[in-house]
Structure formats: C-alpha cells, structure tokens
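Chain and residue survey
What follows is each chain in one-letter form.
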Amino acid sequence: MIPRVHARGTRTIGLLHYLYGPGTHEEHTDPHLVAAWDSLAPDPGRDPEATYGDLQRLLDQPVNALPKNRRPAEHVWHLSVRAAPEDPVLSDDQWGEIARRMVAATGIAPDGDDAACRWAAIRHADDHIHIIATVIREDGRQARIRQDGKRSQAEARVIEIDYGLRRLATGDGTAARRPTSAERHKAQREGRERTAREELRESVRRAVAGAASTDEFFDRLAAAGLLIRKRLAPSGDLLGYKVALPDDRNKNGEPVFYSGSKLAPDLSLPRVRERWSQPSETPTAIDGSWPDQPALPPVTGPAFARQRAAAATWQALLVIDHGDDGTAAAQIVATGEVLDALAKTSAAHTRAELRDAAFAFERASRSHVKAVHGHDRALRQAARDLVHSGPVLGRGEDGASTAMLIDMAFFVVTAAAKWHARKHHSQQAAAARQAAEHLRAAYQAAAVQPMATLSQRGRRLTPRVRQQQANLLHQVLPELADQIHAESGWPALASTLDDAQRAGHDRPRPAYSRRSCGRAGRRDRRTVHDVTRGEGMSQSEGARLFREAWINGVRKHFPGEPKPGYVTPWEETPEWERQAAGAVHDQVRQFLDLSDRQASRLTREQKSRFVATCWTAQMYKHFENPKPGYVADWPDLPDWQKETDADIFEAIEEAS
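Residues numbered from 1 in each chain as written. Predicted model: local features only at pLDDT ≥ 70, side-chain atom pairs only at ≥ 80, totals over all residues. Heavy atoms only, no water.

Digging into the overall build of the chain
The cut-off we apply is this: Numbering of helices and strands runs from the N terminus; a helix is a DSSP stretch of H or I covering at least four residues, while a strand is a stretch of E covering at least two. Three labels apply to residues, based on accessible area from a 1.4 Å probe with only protein chains included: buried if under 20% of the type maximum, exposed if over 50%, partly exposed otherwise in between. The contact rule is simple, with two residues in contact once any of their heavy atoms fall within 4.5 Å.
What the chain contains, in helices and strands, is 24 helices and eight strands. Counting only residues that meet the buried cut, the chain has 49% of its 656 residues in that class. Restricting to contacts in the chain with at least 6 residues of sequence separation, those with at least 24 account for 71%.

Comments concerning the packing of aromatic side chains
For clarity, the cut-off: A pair of Phe, Tyr and Trp rings is counted when the ring centres sit within 6.5 Å of each other, with Trp represented by its six-membered ring. The angle between the planes then sorts it: under 30 degrees is stacked, over 60 is edge-to-face, the rest tilted. When the NZ atom of lysine or the CZ atom of arginine is within 6 Å of a ring's centre and also within 35 degrees of its normal, the charge is said to sit over that ring.
Overall, the coordinates contain 15 aromatic pairs when judged by the stated rule. Consider the rings of Phe410 and Phe411, whose centres lie 5.2 Å apart with planes at 85°: the pair is edge-to-face. Relative accessible area serves as the criterion here: at 8%, Phe410 is assigned to the buried category. Take Phe411: its relative accessible area is 34%, and that puts it in the partly exposed class. Residues Phe546 and Trp615 carry aromatic rings whose centres are separated by 5.6 Å and whose planes lie at 10° to one another, so their mutual orientation is stacked. Here the residue Phe546 occupies a position in helix H21 (residues 539-557), and Trp615 occupies one in helix H23 (residues 604-622), the gap between them amounting to 69 residues. When sorted by exposure, Phe546 lands in the same class as Trp615, which is buried. Counting every residue linked through ring pairs, the aromatic cluster contains Trp550, Phe558, Tyr566 and Trp640. Its end group placed over the ring of Phe257, Arg229 keeps NZ or CZ at 3.9 Å from the ring centre. In this structure, Lys642 is placed above the aromatic ring of Trp634, and the distance from its NZ or CZ to the ring centre is 4.3 Å.

Regarding the side chain of Arg220
By the secondary structure assignment, Arg220 is in helix H7 (residues 214-223). Leave out the neighbours within four places in its chain, and Arg220 touches Arg206, Ala207, Val208, Ala209, Gly210, Ala211, Arg384, Val387 and His388.

Quick look at the packing of helix H3 (residues 92-106) against helix H4 (residues 148-163)
Keep this limit in mind: Axis geometry follows a simple rule: fit a line to the C-alpha atoms, using only the stretch in contact for helices, then measure angles between N-to-C directions, giving values from 0 to 180 degrees. The crossing is said to be left-handed when, going from far helix to near helix, the turn is anticlockwise and less than a right angle, and right-handed when the turn is clockwise.
In contact at an axis separation of 9 Å, H3 and H4 are set at 145° when each is read in the N-to-C sense. Crossing angle aside, the handedness with which H3 passes H4 is right-handed. For the pair H3 and H4, contact is made by Gln94, Glu97, Ile98, Arg101, Met102, Ala105 and Thr106 and by Asp148, Arg151, Ser152, Glu155, Ala156, Val158, Ile159, Asp162 and Tyr163, respectively.

Concerning the side chain of Thr195
With respect to the helices and strands, the residue Thr195 is situated in the loop between helix H5 (181-189) and helix H6 (196-208). Thr195 sits in the buried class, given a relative accessible area of 4%. Residues within four places of Thr195 in sequence aside, it is in contact with Pro179, Glu183, Arg184 and Ala187.

Some words on the nonpolar core
One recurring pattern in soluble globular proteins is that nonpolar side chains are buried together. How we decide: We call a set of buried Ala, Val, Leu, Ile, Met, Phe, Trp, Tyr and Cys residues a nonpolar core when their side-chain atoms join them within 4.5 Å.
Leu339, Leu354, Phe361, Leu386, Ile406, Val413 and Leu439 are the most contacted members of the largest nonpolar core, which has 51 residues in total. Broken down by secondary-structure element, the contributors of at least two residues to this core are helix H10 (302-322), helix H11 (325-344), helix H12 (348-364), helix H13 (377-389), helix H14 (396-422) and helix H15 (426-446). No other element matches H14, which puts twelve residues into this core. For Leu439, the residues in contact, after removing those within four places along its chain, are Leu339, Leu354, Ala357, Ile406, Ala409, Phe410 and Val413. Counting 28 residues, the second largest nonpolar core, distinct from the first, contains Trp77, Trp119, Ala133 and Ala156.

Focus on H4
What counts here: A helix is expected to span 1.5 Å multiplied by its residue count minus one.
Compared with the 22 Å implied by 1.5 Å per residue over 16 residues, the 22 Å span of H4 between its first and last C-alpha is a close match. The inward-facing, buried residues of H4 contact strand S1 (2-5), strand S3 (76-82) and H3. Just beyond H4, the residue with positive phi is Gly164, at close to 65°.

As for the confidence of the model for the chain
Our working rule: Values of pLDDT, the confidence the predictor places in each residue, fall between 0 and 100.
Chain-level pLDDT for the chain is 85 on average; 89% of the residues reach the 70-or-more range. Confidence drops under a pLDDT of 50 for residues 511-536, and excluding neighbours within four residues, the segment shows 37 contacts in the predicted structure.

Thoughts on the sheet that holds strand S6 (residues 227-232)
Put simply, the test is: At least two bridges found by DSSP between two strands are what make those strands a pair.
The three strands lie next to each other as S6-S7-S8, forming an open sheet whose pairing is antiparallel. The open sheet is flanked by S6 and strand S8 (258-259), the only strands paired with a single partner. As defined by bridge partners, strand S7 (residues 238-244) adjoins S8 across two bridges and the pair is classed as antiparallel. When the sheet's bridge partners are listed, Lys242 is paired in S8 with Ser259. On top of the sheet, H7 reaches S6 and S7; it is set at about 15° to S7, its chief contact.

With respect to a positive patch on the surface
To keep things clear, this is the line we draw: Residues qualify for a patch when their relative accessible area is over 30% and they have no salt bridge, like charges being joined within 9 Å and the nonpolar side chains of Val, Leu, Ile, Met, Phe, Trp and Tyr within 5 Å. For accessible areas, the Shrake-Rupley method is used with a probe of radius 1.4 Å. Any residue's cover is judged against the shown protein chains and nothing else. By convention in these notes, a salt bridge is any Lys or Arg side-chain nitrogen within 4 Å of a carboxyl oxygen on Asp or Glu. When charges are counted, Lys and Arg contribute as positive and Asp and Glu as negative, whereas His and the chain ends are disregarded. Lysine's charge is taken at NZ, arginine's at CZ, aspartate's at CG and glutamate's at CD.
A surface patch of like charges, here positive, comprises Arg177, Arg229, Arg231, Lys242 and Lys262. You can see Arg177 is positioned in the loop between H4 and H5.

Let's talk about the pairing of S6
Sheet topology note: the S6/S7 ladder contains six bridges and is antiparallel. Bridged to Lys230 within S7 is Tyr241. Between S6 and S7, which pair antiparallel and follow one another directly, the connecting turn spans five residues, one of which, Gly236, has a positive phi of 95°.

A few points about unusual backbone geometry
If you check the backbone angles, Gln147 has positive phi at about 60° while not being a glycine. Counting through the fold element by element, Gln147 comes out in the loop between strand S5 (128-134) and H4.

Some remarks on the environment of Pro42
You can see Pro42 is positioned in the loop between strand S2 (32-36) and helix H2 (52-64). Classification of Pro42 by relative accessible area gives buried; the value is 15%. Residues Pro42 and Tyr52 lie ten residues apart in sequence; the distance between their C-alpha atoms is 8.7 Å. Not counting residues up to four positions away in its chain, the partners in contact with Pro42 are Leu33, Ala50, Asp54, Leu55 and Leu58.

Here it is, written out as structure tokens:
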C-alpha cells in the first residue's frame, strides 16, 4: 500500500472538480465518497441533488470562520492511498476504514477528537482513494500534521498486515523522486519510454561516471545534448545547476528544467563534487596512482579498459565483503558509475539489459551510510577508462572482455545486495538483486560468441595437450573432474587453461582433500543457483517463501473473496503451520537437487501432486486426527488449491 502526501493547495473546489471529474485520460470511474468526517456529508458522485459547492462549503467552513488575516494561504491537504497491483480489490467499507486510519495517523482527525479537521475520502478507481481535508480544526486551531508523510507510511505497513496485502519495504528518505502522474501522462502522450525526469537522471549519472572535475562534468552534459542552466553566487562561484531535455517543453513552449537534487539526492552539485574530492591523507591522481606508485599505463582500447575494470571490480568485491561501512558504501557508489559507463559504451545486443541494470542499481547506490570517497579511486578510474575508450563492437577480444566484466559486475552487485540486507536496507537490497538479474541476462547474451570461440580452439588442441589439461583437472578437482570433463563447456575451459600456461601462470595446486573438494564443489554449485537471492536459504526462510507463494496463489486462483485464514500473513501464521511449510519447502528443494534439476520438466499436475502429498504427510505429523479436508486425495482437492500447489512448486524451483 502506497500513501502519498501531495503538495498543499489553495482551492478546495478545484481539487474536488478533479477528484469527481473524468480525469486527464478519462480514467476516473464512478467517483463517490467512501468515508468523511460526517456520515451525512453530501456526495456529488452518488446524490444527484448534491453539488461540488455543497461539499466544498462544508469542508471550508472552519477556515472561513477565521478572520482573513489568520487563514493559511494553503489550507487544502491531499493524501492518495494506492494498493499494490497484486492486492485484491477492496470494498468501499474497507477503503473507508483505511481512510479513517490514515486521517487519525497523520493528525488530521485523531481518534476521539471531536474538534478535528473536516475531511472526505473519494474513490474513483478500484485500486486507490484520495483524501481531501482542510487543515483548520473545528476549534479554529491549525492541525499539527508534521511528518504526515512518515506517519502515513508507518500506518500503511500496519494496514498491509491487518488486511493481508503485499508488504512493501519502508523507505529511508534516500530514494530519488518518483515521476508525478502528470509527468507520466506527458511521456505517454509524447511516446517516451521514460519520463523526462528519468531520462535526465540517467544522462546526469552517465556524465558523473568517472568525471574528474566540474568542467569535465558540464562538458559531458553538453555533449549529451542537454540544456544547462548554472546558478552562480554574486561572487561568481558556482552554486548549482539545472538541466533540461531540448524537446521537453511546458505549455508556454519553454524548456522544463530540473535541478540535480530534484533528479536524485546524490546529483546535487555539492554531492557530485564529493566524488572526485580525495581525503587529504590519501592523495591520488585520477589515473589511479598512489603517491608511492607509478601511474597506471594508458588505456589502449575498449578491451583493455574492460580487463582493467574487471580487476578493479574484483577488488571492490573484497572491500564490500570485508571493509568498513564508509569504504564499502563508496565502493557501491562507484559500482554504479561502472554500470553507467558500461551501459553507455555497450554493444547493441547487451545494451538494453545493461541499461536496465544501471537504472535499477541507482537505488542501491544511496543509503544513510556516508560514503568515504577516495578509496574508490580504482573503480572510478575504471568507469573513466570505459567512457574514454569508447563503445565496443561486441566481437573478438571486445566481446570476451565485456563478458568478463559483466560477470564480475554481477558478483559485486550481489555482494552489494547482501551488504544492504545486513544493514536492513530493504529497498536498496531489492534494487541490487534486480540489477543482478539484468546483469545475468546481459552476460548470457555477451558470452555466446566468446564461449563459442574458446570451444572451437579447445577442440583444435592436440590430443596430448587435451590430455594434459584433463590430468590437471583430475589433480586439482578429483571429485568433480569427470563431471566437468563431460560438460559442453569443457573444451572452452581446456583452451583457457592452455592459454594460462602459455602465458607463464603457475599450474593450479590441489587445494582440498577428495572429501573437502567434493563439499566445495557442492557449495559452488549451490551458489550458482542461489547467488541472486543471498546465501543458502534456511528452513525459516523457506517456510516464509512457501507461505507467500500460497497466499499469492490463493489470491490468484480462489473464486471470489478467500477466507481470511487462507491469506493470514506470515507474522500471524501458527507455529505448526510454519514448521510444515518449511518441511515441504525443503522436500521440494531436495527433490529438485536429487533429480539434477530435471524435476522442473514435470507437468503442473505432477508438481501439484508432489506438494499436496508432502503437505498431507505434515498434517498427519502435526495432528493425530486431522480434518478430512486437510488430508484429502489430490483428485478431491478444489481446482484453486491444485493450481496453488503447482505455483508453490514453481516458486521454490525459481528461488532454488
């Protein structure tokens, strides 16, 4: 549930005309009151005798009772409350109760306060309501509604639990401003994929990536075709900036400018300048050199830039895992710059996924942990190298180095997701996981040609060399050697090992005993499947996944309104049911593992039967005489439950 406090207004009648009107795109249907400060308040939507003016005069009565010099200039308060797309359609009575809870929580009309403000809740769509109020109380005092946005968010989290709705993560105030509905409608009219605000945010972030000075930053903005307006102090010092798209105009034909801070909190000029300011105790050059180290060699092309960026990304991964909070936060910020630079210079077949990865990770790059810049110089230099080396063709050495960098970026983004999760930064962790999925897709597209080339070279190796590499594999990984040798990627690996030896690298040494090596291999195989969702899932986490899949399935397949007990949230689920859910989750996971993932080829009916059978066994475990419906044979189950059980299997399969 998403509440949003809108900017205060001056005309009650104007907002009522909008709420009861057809909407800017005829999207309003059947506008009507669902609740108000007075149960007898007129409803122009359902009562043909009532007018907008009738409702407006009653709402404004406490305001107009004050002398004009005491009336607030902006007395109209407006809150919209929207359900998530997957939530069930709520009734008018439910929305009315939600409205009462919101005005109480925000201070508009606290419970039991007979002198509270006047308000009305209007519904003109299935998924949301609007609450309009005037901020002068019946006793003539102004309502105390400071932090009404935070209060409404806190109440929304409680409402989600009480009504069994999708539980959204609480924000921490570091997210970029979302586009307004007017901006979204404008983008739709003009055929834009994203709003002007979002396009500008992306362009500014790309201009920041690896920039070394204010002048370079503004040069990049100009090169991107943006209109720039600088804000100067009387002394001539630069204080800030605004940007606009050349073709984004207001009704007067003037460009619509956005300041950096309006695009994102970390894009204001002072915050941007922090990135290239170095701590006094660690002076470095933008070429990445320490005072006691020579400068890095110049970048000779896109492939070399990607190779060096992959090395820097690996080092960042270690810092995020083991460094202090400020240093880790700086590495995460700089990772965003690398993703922006990579998306900007990518080949056509990976561009869309890399752009989406950078767009998603933008949210993960900000939190309340202050980034200590200066120690992120290697990653920022990598972003700079990527920009200056130019776009890649996606073939040959360029393609191989791109795949390598995307692979490393995937793991550092996953490390960022885990870091945020440990800090309980739920929105940032979710954003990083989303970025990882886009990087996974980009890698699959980027690796096709390089892997094919390596495989060809591997097949052309002489029998003696191939046997040498096979012997090496058996020496280093005895438990896994036969399995690896049988895989289709073995020729590519053999070619890579041969290249490494020719380049003078030492032969790998056996690192484990046969038994420990087998355990490591199994851990590695699990990590490949689990890497985007964190470490191996505990039984309690598996039980929660099972329960959420059940609730989603019930809401999707149940005919009509499900019983409250069917969609009881996790926090209120009985302990026996949690244990049963965890056990069935583990059985499905083991079934998938033991079948070497081939169980995914089962039909939905077969998957449903498996889950139902496992659940029946749990009922016999927890109840001496379970109800017949708890242990019914699969053919006797209702269709909605059969479909839900299949959904549960596939949800566990997808998360495994």
